[in-house]
Amino acid sequence: MSTTLRIHSFPLSGHGHRVELFARLAGIPHEVVHVDLAKGAQKTDSFLALNPAGQVPVVEDGAVVISDSNAILVYLARKYAPSYLPSDPVKEAQVQKFLSLAAGELAFGPAAARLINVFNAPLDAEFCKSVATRLLAKLEPHLEGRDTLVDDGVTIADVALYSYLAHAPEGDISLEPFPNVRRFLAKIEGLPGFKPMPATPVGLSAA
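The structure presented is a predicted model; accordingly, all values stated were derived computationally and were not measured.

### Focus on a nonpolar patch on the surface
Point 1. A cluster of nonpolar residues, Leu115, Phe119 and Leu123, forms a patch on the protein surface that exposes about 250 Å² of accessible area.
Point 2. Looking at the element boundaries, Phe119 is found in helix H4 (residues 89-119).
Point 3. On the basis of relative accessible area, Phe119 is assigned to the partly exposed category, the value being 39%.

And the structure:
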């Protein structure tokens, strides 16, 4: 079996992008395996053997197979890039708090709003926008005077939130009222190894 980390992903998946982005930022050798979601590749027997949920991303690291983007970030940080997950109990707890935010308000706010415009997902746009606004209203004061979410440099918390925040305008979520959030995104985009997720000209991004 290959010793190179294999990341099964799809270019327009924010969950997939956060894993690819982290591997690039942390300098983890890897290859990306394209899963054509539009053609149902995630429903094939071979893919379901990796992740019965039929979702990207999935990583193969030798004999180890892990799904769920946040779980993957924790695994990769622990094994390959420990500086991205603080060992101090308080700071690690702060990282975990933001991972929960990524799986909660980020997923049901900016990410879901984007799904409506990019993939025609049958979701409640107004509800998604209200959740997104609530999330941004939390992050804006937290990021006052700081470049990262946790006071320990860049961590997997920053990576977990970046992709869907950066593409929030695709879901008609404006970032203009949130200068600290925009400065945070610019910080991540300026890191060595950064690679953006492809933009989709929908929502506010279509202007």
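Back to the text.
### Structural notes on the nonpolar core
Point 1. Membership of the largest hydrophobic core comes to 55 residues, with the highest contact counts inside it found for Phe22, Leu139, Leu149, Ile156, Leu161 and Leu165.
Point 2. When residues of this core are traced back to their parent elements, those giving at least two are strand S1 (5-9), helix H1 (14-25), helix H3 (69-80), H4, helix H5 (125-142), helix H6 (156-166) and helix H7 (179-189).
Point 3. A per-element tally of this core places H4 first, with 10 residues.
Point 4. Non-local contacts of Leu149, meaning those with residues more than four positions away in its chain, are made with Phe98, Leu139, His142, Leu143, Ala157, Asp158, Leu161 and Phe184.
Point 5. The next biggest cluster of nonpolar side chains, apart from the first, holds five residues, and it includes Val35, Phe47, Val56 and Val58.

### Thoughts on the pairing of strand S3 (residues 58-61)
Point 1. Across the two faces of S3 the burial is the same, with Val58 and Glu60 and Val59 and Asp61 all buried.
Point 2. Here S1 runs beside S3; their pairing, made up of three bridges, is antiparallel. Directly across from Ile7, in S3, lies its bridge partner Val59.
Point 3. The pairing of S3 with strand S4 (residues 64-67) spans four bridges and is classified as antiparallel. By the bridge assignment, Val59 is partnered in S4 with Ile66.

### Regarding the pattern of salt bridges
Point 1. Evaluated as defined, the whole model comprises nine salt bridges.
Point 2. The shortest N-O distance in the salt bridge between Glu170 and Arg114 comes to 2.9 Å. Of this pair, Glu170 sits in the loop between H6 and H7 while Arg114 is found in helix H4, placing the two residues 56 residues apart along the sequence.
Point 3. Each of Arg6, Glu31 and Glu60 takes part in a single network of salt bridges with overlapping partners.

### Focus: unusual backbone geometry
Point 1. With omega at 5 degrees, the peptide bond leading from Val56 into Pro57 counts as cis.
Point 2. Mapped onto the fold, Pro57 is located in the loop between helix H2 (45-50) and S3.
Point 3. Unlike most non-glycine residues, Asp68 shows phi in positive territory, near 75 degrees.
Point 4. Looking at the secondary structure, you find Asp68 in the loop between S4 and H3.
Point 5. Even without a glycine there, the phi angle at Asp172 is positive, about 65 degrees.
Point 6. The residue Asp172 is located in the loop between H6 and H7 in this model.
Point 7. Accessibility expressed as a relative area gives 32% for Asp172, which makes it partly exposed.

### Some details on H3
Point 1. Here H3 contains 12 residues, and its C-alpha end-to-end distance of 16 Å stays within 8% of the 16 Å for a straight helix at 1.5 Å per residue.
Point 2. Inspection of H3 places Ser69, Asn70, Ile72, Leu73, Tyr75, Leu76 and Ala77 among the buried residues, and these make up the whole buried set.
Point 3. On its buried side, H3 packs onto S1, H1, S3, S4, H4 and H6.
Point 4. Between the side-chain oxygen of the N-cap and the backbone nitrogen of Asn70 there are 3.2 Å, and the N-cap of H3 in question is Asp68.

What counts, and where the lines are drawn
Residues numbered from 1 in each chain as written. Predicted model: local features only at pLDDT ≥ 70, side-chain atom pairs only at ≥ 80, totals over all residues. Heavy atoms only, no water. Patch = residues over 30% accessible without salt bridge, like charges linked within 9 Å, V, L, I, M, F, W, Y side chains within 5 Å. Areas by Shrake-Rupley, 256 points an atom, 1.4 Å probe, with all protein chains shown as cover. Salt bridge = Lys/Arg side-chain N within 4 Å of Asp/Glu carboxyl O. Helix = DSSP H or I, 4+ residues; strand = E, 2+ residues; numbered from the N terminus. Buried < 20%, exposed > 50% of the residue type's maximum accessible area, 1.4 Å probe, protein only. Core = buried A, V, L, I, M, F, W, Y, C linked by side-chain atoms within 4.5 Å. Contact = heavy atoms within 4.5 Å. Pairing = 2+ DSSP bridges. Expected span 1.5 Å × (residues − 1). Polar contact = N/O pair within 3.5 Å; in protein donor to acceptor, adjacent residues only side chain to side chain.

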